[in-house]
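Coordinate inspection notes
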Amino acid sequence: MMNDQPPVDLTPKSQQLWTDLMAANDFERHELHNLESALRNFDDAAALRAQGQTKLALDCQTSGLRFWRLLKFSNGTAARRPGRPSDTEWSAKRRAAHAG
């Protein structure tokens, strides 16, 4: 069992998010690294924004989002297949517009 405690040098907001996510998910060791890296980048971005260093803050935010994306969170619904929907998947309004 891994340590569920957040890293002590994260901001209180990030520590709370860490705690909430640890309670709701089972992370592998590499996923914990990605989560920690994402939260650290988000914290750094907030600190840089507070100092008026917008460009560097955006770079940190982007890096954090890249780590966050690696976690592949899901909301439980399947993604819609890309492309044009079949006839049964069109809304009534679109079916009517498409027919006429």
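In what follows, the accompanying structure is described. (Residues numbered from 1 in each chain as written. Predicted model: local features only at pLDDT ≥ 70, side-chain atom pairs only at ≥ 80, totals over all residues. Heavy atoms only, no water.)

1. Comments concerning the side chain of Asp43
- Turning to its location among the elements, Asp43 is positioned in helix 2 (residues 29-50).
- Of the side chains bearing the opposite charge, Arg40 lies closest to the buried Asp43, which forms no salt bridge; the N-O distance is 6.6 Å.
- A distance of 2.9 Å separates polar atoms of two side chains, one belonging to Asp43 and the other to Thr11.
- For Asp43, the contacting residues outside a window of four places in its chain are Leu10, Thr11 and Ser14. (Helix = DSSP H or I, 4+ residues; strand = E, 2+ residues; numbered from the N terminus. Buried < 20%, exposed > 50% of the residue type's maximum accessible area, 1.4 Å probe, protein only. Lys, Arg positive; Asp, Glu negative; His and termini not counted. Salt bridge = Lys/Arg side-chain N within 4 Å of Asp/Glu carboxyl O. Polar contact = N/O pair within 3.5 Å; in protein donor to acceptor, adjacent residues only side chain to side chain. Contact = heavy atoms within 4.5 Å.)

2. Structural notes on the nonpolar core
- Counting 11 residues, the largest nonpolar core is built from Leu10, Trp18, Leu21, Met22, Phe27, Leu32, Leu35, Ala38, Leu39, Phe42 and Leu71.
- Elements with a minimum of two residues in this core: helix 1 (12-24) and helix 2.
- For this core, the element with the most residues is helix 2, which contributes 5 residues. (Core = buried A, V, L, I, M, F, W, Y, C linked by side-chain atoms within 4.5 Å.)

3. Considering the pattern of salt bridges
- Summed over the entire model, instances satisfying the criterion amount to 3 salt bridges.
- Its salt-bridge partner being Arg40, residue Asp9 comes within 2.6 Å of it at the nearest N-O pair. Residue Asp9 is found in the segment before helix 1, and its partner Arg40 is found in helix 2; the two are separated by 31 residues along the sequence.
- On the basis of relative accessibility, which here comes to 53%, the residue Asp9 falls in the exposed class.
- Among the residues examined, Arg40 registers a relative accessible area of 27% and is labelled partly exposed.
- Of the charged contacts in the structure, one is a salt bridge between Lys55 and Asp59, with a shortest N-O distance of 2.9 Å. In this pair, Lys55 and Asp59 are both assigned in helix 3 (residues 54-70), 4 residues apart and thus about one turn of the helix distant.
- Classification of Lys55 by relative accessible area gives exposed; the value is 57%.
- On the basis of relative accessibility, which here comes to 35%, the residue Asp59 falls in the partly exposed class.
- By sharing partners, the salt bridges in this structure join Asp9, Glu36 and Arg40 into a single network.

Such coordinate-based values are descriptive only and should not be taken to indicate function.
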